[in-house]
Amino acid sequence: ASDKNNVLADFLTTGVYDRNRPFFTTISPSMDILISSNLERMLYYDRLDDVNKALLDDLIDYSVYAILDDPNIAVTYTNIYVMRAWNLIALGETLPADRTWGRSMNVRPEELAGEGYRLFRDWMAEIRENGIHEHNSPTYTGVQAECLGYLAKYTKDEAIRHEANVALEYLSAM
């Protein structure tokens, strides 16, 4: 999922990161970006010195901790719930497996991905039974579409990719 600015979608499709392009204001401000600091961190990690790599690893470690620290996000809070599932899956599928993450939680990447898969499956069961609770909101719907689009295209789990496509079709039919 992307909006008219589509800098991330273009990068993920072509491998070219071009932040020097026209900027468009859309109805989904959560997706209106040209400079993706998270993407830039990934692209330039190997160019960092050891001190800055350690700082970035610490930031990622803290992020994992923060994502896992509040398990009480209701499945009906769709935009945050789906974003959380995507974040766990993306981190779990991409972080180095040679260490644990989440500070004192000591979570392995495969456990992060597994929790993300579980959350996503729980959300799919919820929308099958009760529909999407947050829709027709420029911000919430944009977040949902963005995260579902990333899941549909980039997760390594084929069943999750398929389910994310189903959810995208459902969301766009609303």
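Up top is the structure these notes are about.
Residues numbered from 1 in each chain as written. Predicted model: local features only at pLDDT ≥ 70, side-chain atom pairs only at ≥ 80, totals over all residues. Heavy atoms only, no water.

### Regarding the pattern of salt bridges
Step number 1: Per the stated rule, a full pass over the model turns up 7 salt bridges.
Step number 2: With its nearest N and O atoms 3.3 Å apart, the salt bridge here joins Arg 103 to Asp 58. With Arg 103 in the loop between α4 (78-94) and α5 (109-130) and Asp 58 in helix α3 (residues 50-69), this residue pair connects regions lying 45 residues apart in the sequence.
Step number 3: Under the relative-accessibility criterion, Arg 103 is labelled partly exposed at 37%.
Step number 4: Among the ionic pairs, Arg 128 bridges to Glu 163, the shortest N-O distance being 2.3 Å. Remark: Glu 163 occurs in helix α7 (residues 158-173) and Arg 128 occurs in helix α5; sequence separation between them is 35 residues.
Step number 5: Judged by relative accessible area, Arg 128 falls into the exposed class, the value being 55%. (Salt bridge = Lys/Arg side-chain N within 4 Å of Asp/Glu carboxyl O. Helix = DSSP H or I, 4+ residues; strand = E, 2+ residues; numbered from the N terminus. Buried < 20%, exposed > 50% of the residue type's maximum accessible area, 1.4 Å probe, protein only.)

### With respect to the side chain of Asp 157
Step number 1: Positionally, Asp 157 belongs in the loop between α6 (138-154) and α7.
Step number 2: Discounting chain neighbours no more than four positions away, the residues touching Asp 157 are Glu 93, Tyr 117 and Arg 121. (Contact = heavy atoms within 4.5 Å.)

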